[in-house]
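What follows is each chain in one-letter form.
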Amino acid sequence: MNAAAAEAYMESLANEDELLLKIKRVIHEARMPDVSVAAGYGKMLTLLATLSGARRILEIGALGGYSGICMARGMAEDGTLTSLELKPEYAEMAAGHLAEAGFGERTRYLVGPALDSLERLHADGERFDFFFIDADKLNYVNYLDMALKMAEPGAVIVADNLLLRGRTLNLERNGPAILTVREFNRRMAEDPRLIGTLLPAYDGFSVAMVKKA
Ligand SMILES: C[S@@+](CC[C@H](N)C(=O)[O-])C[C@H]1O[C@@H](n2cnc3c(N)ncnc32)[C@H](O)[C@@H]1O
């Protein structure tokens, strides 16, 4: 089977609405990286947030707000989204799009290196029940460690781009980001605190749940 054709088929079923399409357009026009989560996985984020009854969502890597909207659409009525973004101009754009989607009052953006924000959130005793890791690959294992420290029992941890366009599978490639992602994938699959798996479509999407006991 041709993977690209399967993905195109999946995209055709994703039913992105006008706001999600607009975000992709605006990102393209602003010459920002065209790396919002794939439409099919955006829908998966909405599905997972809905299924888990997410009330406290933490996103690492906001870009233009595409994935933030997908998760916010699935969160509980009193749910909130905290999003960590390095670049102030991206955070501002994402915040605008979340407001346009009707979630402005329930969303906060923390600007700066995500690890710094995570340390602060942890020091403040904040807890979350849904995490989406989608930022710099070199820190994926650090992000997972921080997520585990702040996770409620039963929390969902999701991450994107785990195949690194095939580099993860190529054992002749061993750069630091590749080694980190391999370690991240191993931990998501094998850490005794997690039940996790890796979905190989698009660029690889990992889903895990923190065990309740
Ligand atoms: C793949 S994009 C996120 C896409 C977004 N989750 C979506 O699907 O709509 C990665 C984002 O992570 C941000 N980023 C990169 N390094 C970061 C860091 N150290 N701390 C916080 N954000 C970072 C980038 O600026 C970029 O906006």
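Residues numbered from 1 in each chain as written. Predicted model: local features only at pLDDT ≥ 70, side-chain atom pairs only at ≥ 80, totals over all residues.

By the naming in an unreviewed UniProt entry, the protein chain is O-methyltransferase, taken from Saccharibacillus brassicae.

Student: So what about the overall build of the protein chain? Which residues, and what values?
Tutor: When helices and strands are tallied, the protein chain shows eight helices and seven strands. On C-alpha atoms alone, the protein chain measures out to a radius of gyration of 16 Å, which is about the 17 Å that the 2.2 N^0.38 rule sets for 213 residues. Taken along its principal axes, the extent of the C-alpha atoms in the protein chain is 45 × 45 × 30 Å. When each of the 213 residues of the protein chain is scored for burial, the buried share is 42%. Considering only residue pairs separated by 6 or more positions, the protein chain has 68% of its internal contacts joining residues 24 or more positions apart. (Helix = DSSP H or I, 4+ residues; strand = E, 2+ residues; numbered from the N terminus. Rg over C-alpha atoms; globule rule 2.2 N^0.38 Å. Buried ≥ 20, exposed ≤ 12 C-beta atoms within 10 Å, placed from the backbone. Contact = placed C-beta atoms within 7 Å.)

Student: Would you mind going over the pairing of strand β7 (residues 205-210) in detail, with residue names and values included?
Tutor: Consecutive side chains of a regular strand alternate in pointing toward one face of the sheet and then the other. Sheet topology note: the strand β5 (residues 151-160)/β7 ladder contains five bridges and is antiparallel. Bridge assignment links I157 to a residue of β7, and that residue is A208. As judged from the six bridges shared by strand β6 (residues 194-199) and β7, these two strands associate in the antiparallel manner. Bridge pairing in β7 places G196 opposite A208. (Pairing = 2+ DSSP bridges.)

Student: Give a detailed account of the site of the ligand, specifying residues and quantitative values.
Tutor: Surrounding the ligand, one finds 18 residues, the nearest of these being V37, G61, Y66, S67 and A114. Secondary structure elements with two or more residues in the shell around the ligand: α4 (66-72) and β2 (80-85). When its residues are assigned to classes, the shell around the ligand shows 11 nonpolar, three polar and four charged. (Near = placed C-beta within 6 Å. Nonpolar A, V, L, I, M, F, W, Y, C, P; charged D, E, K, R; others polar.)

Student: Run through the environment of K212, naming residues and quoting values.
Tutor: By the secondary structure assignment, K212 is in the segment after β7. With 8 C-beta atoms counted inside 10 Å, the residue K212 sits in the exposed group. Residues K212 and A155, 57 residues apart in the sequence, show an inter-C-alpha distance of 8.5 Å. With sequence-adjacent residues up to four places away left out, K212 is seen in contact with P153 and G154.

Student: Pulling in residues and values, what's your account of the sheet that holds β2?
Tutor: Adjacent strands of a sheet pair through backbone hydrogen bonds, lying either parallel or antiparallel. Taken in spatial order, the seven strands make up an open sheet running β3-β2-β1-β4-β5-β7-β6, and their pairing is mixed. Looking at strand neighbours, the two that pair on one side only are β3 (107-111) and β6, the edges of this open sheet. Averaged over neighbouring strand pairs, the angle between their axes works out to 15° when direction is ignored. Judged from the five bridges that link them, strand β4 (residues 128-133) and β5 form a sheet pairing that is parallel. (Axes fitted to C-alpha atoms, helices over the stretch in contact; angles between N-to-C directions.)

Student: Any details on the nonpolar core? Residues and values, ideally.
Tutor: Of all hydrophobic cores here, the largest spans 61 residues; its most connected members are L45, I57, M71, A94, F130 and F131. Excluding its chain neighbours within four sequence positions, the residues that come into contact with I57 are A49, M71, M75, G79, L81, T82, F128 and F130. (Core = buried A, V, L, I, M, F, W, Y, C linked by C-beta atoms within 7 Å.)

Student: Tell me what's going on with the pairing of β5, and back it up with residues and numbers.
Tutor: With seven of 10 residues buried, β5 lies mostly within the body of the structure. Regarding the hand of the β-α-β motif, the stretch spanning β4, helix α7 (residues 140-150) and β5 is right-handed. (Right-handed = clockwise from strand over helix to strand, strands pointing away.)

Student: Account for the environment of T107, naming residues and giving values.
Tutor: Structurally, T107 can be placed in strand β3. Sequence-distant contacts of T107, that is, excluding residues within four places in its chain, are made with G68, A72, L81, S83, A95 and L98.

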